[in-house]
Amino acid sequence: VLIMLYVREELSYDRFHKNAGRIYRVGNEGQFGSEVWTSARTSHPLAPALVQEFPEVQSAVRFYRLYKPLVRVGEKKFVEPRFFYADSSVFNIFTFPLIKGDPQTALTQPYSLVLSQEMAEKYFGEADPLGQTLSVAKLGDFQITGVLKNIPENSHLAFDFLASYETLRAQNDPNLASWGSIVTSTYILLRDEHNAVQLETKLPALAAKYHDQSEGATHRLFLNSITDLHLRSEINGELGERGSMATLSILIIVAAFILLIACINFMNLATA
């Protein structure tokens, strides 16, 4: 029973999203000379280009991790490993409910910030965090515009802070317009009437249009269903910890073997 409960938990990853069957992560494969690499990260301009050029894509969102910034409120200061920038469309694609704030406007303005319920209690205790200011070292002050319900354990996406992507634009980040800067994770939501296989056949043309294909360099974009990422993705740059389908298969066999032994023992005892 314990084994099967664990297996059930692993198989349930990311299935709590309302649109789980239509959410895909865009992967990136490249080759330069004899060197081949595969990554779960893409360039900043990819997400808006997908929405603009393919009617199959209803919406897209980017996640860009900020590496362990120092976060401060008054005398409280902590290094936070789960701090991300995200587009405002994140709440239209994923089922991450806010317990405070408006999901449609929470991440539309520069220097706006959504934090998890756990972080709200950590920094502000019982006080209402909405409208409060939180300082991030070397980046400035962020205004808290929403409080996120704590993310379930069976989510490959795990974050405590979401800053608006417009903040990067306000900071004049030079990589925002660069197709060669492979640093962000891109997720898309497909429309009901379209499937990923049809869209994937069109992605090579997009890669050829925007990525540098000179001097033997090639780029290929591909899609992975969000429900497959935890157990079936083996590429670099994933945002969450990965499980193993092979390990689950072994555990299922072990559980069946234990049950078989128990049945044989019961029959032997009953016969005796």
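What this report covers is the structure whose coordinates are included nearby.

Cut-off values and rules
Residues numbered from 1 in each chain as written. Predicted model: local features only at pLDDT ≥ 70, side-chain atom pairs only at ≥ 80, totals over all residues. Heavy atoms only, no water. Helix = DSSP H or I, 4+ residues; strand = E, 2+ residues; numbered from the N terminus. Contact = heavy atoms within 4.5 Å. Areas by Shrake-Rupley, 256 points an atom, 1.4 Å probe, with all protein chains shown as cover. Axes fitted to C-alpha atoms, helices over the stretch in contact; angles between N-to-C directions. Parallel < 35°, antiparallel > 145°, perpendicular 65-115°, else oblique. Left-handed = near helix turned anticlockwise from the far one by under 90°. Nonpolar A, V, L, I, M, F, W, Y, C, P; charged D, E, K, R; others polar. Buried < 20%, exposed > 50% of the residue type's maximum accessible area, 1.4 Å probe, protein only. Arc of directions from axis to C-beta. Core = buried A, V, L, I, M, F, W, Y, C linked by side-chain atoms within 4.5 Å. Salt bridge = Lys/Arg side-chain N within 4 Å of Asp/Glu carboxyl O. Pairing = 2+ DSSP bridges.

**A word on the overall build of the protein**
Item 1. The secondary structure content of the protein amounts to nine helices and 14 strands.
Item 2. With respect to the principal axes defined by its C-alpha atoms, the protein has extents near 80 × 55 × 35 Å.
Item 3. Counted over contacts in the protein with a minimum sequence separation of 6, partners at least 24 positions apart contribute 74%.
Item 4. Of the roughly 14300 Å² that the protein leaves accessible, carbon and sulfur atoms contribute 54%.

**Remarks on the packing of helix α1 (residues 2-11) against helix α9 (residues 245-271)**
Item 1. The interhelical angle for the contact between α1 and α9, taken along N-to-C directions, is 155°, at an axis separation of 9 Å. With respect to α9, the element α1 is oriented roughly antiparallel. Here α1 and α9 pass one another in a crossing that is left-handed. Facing α1, whose interface residues are I3, M4, Y6, V7, E10 and L11, α9 presents M245, L248, L251, I252, V254, A255 and I258.
Item 2. Residues belonging to the contact of α1 with α9 are distributed by class as follows: 12 nonpolar, no polar and one charged.

**Brief notes about unusual backbone geometry**
Item 1. Unlike most non-glycine residues, D14 shows phi in positive territory, near 65°.
Item 2. Relative to the assigned elements, D14 resides in the loop between α1 and β1 (23-32).
Item 3. We classify D14 as buried; its relative accessible area is 0%.
Item 4. Located in the positive-phi region is K138, a residue other than glycine, with phi close to 70°.
Item 5. Structurally, K138 can be placed in the loop between β10 (133-136) and β11 (140-148).

**Description of the side chain of E56**
Item 1. Tracing the backbone through its elements, the reader meets E56 in the loop between α2 (46-53) and β4 (57-66).
Item 2. Once residues within four sequence positions are removed from consideration, E56 is found in contact with L189, L190, R191, H194, L199 and K202.

**As for helix α4 (residues 117-124)**
Item 1. Of the residues making up α4, those classed as buried are M119, A120, Y123 and F124. One side of α4 holds all its buried residues, which, seen down the axis, span an arc of 105°.
Item 2. Buried residues in α4 make contact with β5 (70-73), β6 (76-79), β9 (112-116), β10, β11 and β12 (161-164).
Item 3. Positive phi appears at G125, one or two residues downstream of α4, with a value of about 60°.

**Considering the nonpolar core**
Item 1. Of all hydrophobic cores here, the largest spans 24 residues; its most connected members are F63, F91, F94, F159 and L162.
Item 2. Elements with a minimum of two residues in this core: β4, β7 (83-86), α3 (90-93) and β13 (182-190).
Item 3. Here the element with the most residues in this core is α3; it accounts for three residues.
Item 4. Sequence-distant contacts of F91, defined by excluding residues within four places in its chain, comprise F96, L98, P103, A106, L107, V114, L148 and L162.
Item 5. In this structure, V73, M119, I144 and V147 belong to the second largest nonpolar core, which totals 22 residues.

**Regarding the pattern of salt bridges**
Item 1. Counted under the stated rule, the structure contains 10 salt bridges.
Item 2. The shortest N-O distance in the salt bridge between E238 and R25 comes to 2.8 Å. Placement of E238 in the loop between α8 (229-232) and α9 and of R25 in strand β1 is noted, with a sequence separation of 213 residues between them. Each member of the pair, E238 as well as R25, is classed as buried.

**Re α2**
Structurally, the α-helix is built with 3.6 residues per turn, so residues lying three or four positions apart point the same way.
Item 1. Every buried residue of α2 is accounted for by L46, A47, A49 and L50. Down the axis of α2, the buried set is contained in an arc of 165°. They therefore lie on one face.
Item 2. Looking at the buried positions of α2, the neighbouring elements they touch are β1, β3 (42-43), β4, β13, α7 (203-210) and β14 (218-225).

**Quick word on the pairing of β1**
Item 1. Most of β1 sits inside the fold, with seven of its 10 residues counted as buried.
Item 2. When β1 meets β13, the two strands line up antiparallel, connected through four bridges. Pairing of Y24 across the sheet is with I188, part of β13.

By themselves, these figures tell us nothing about what the structure is for.
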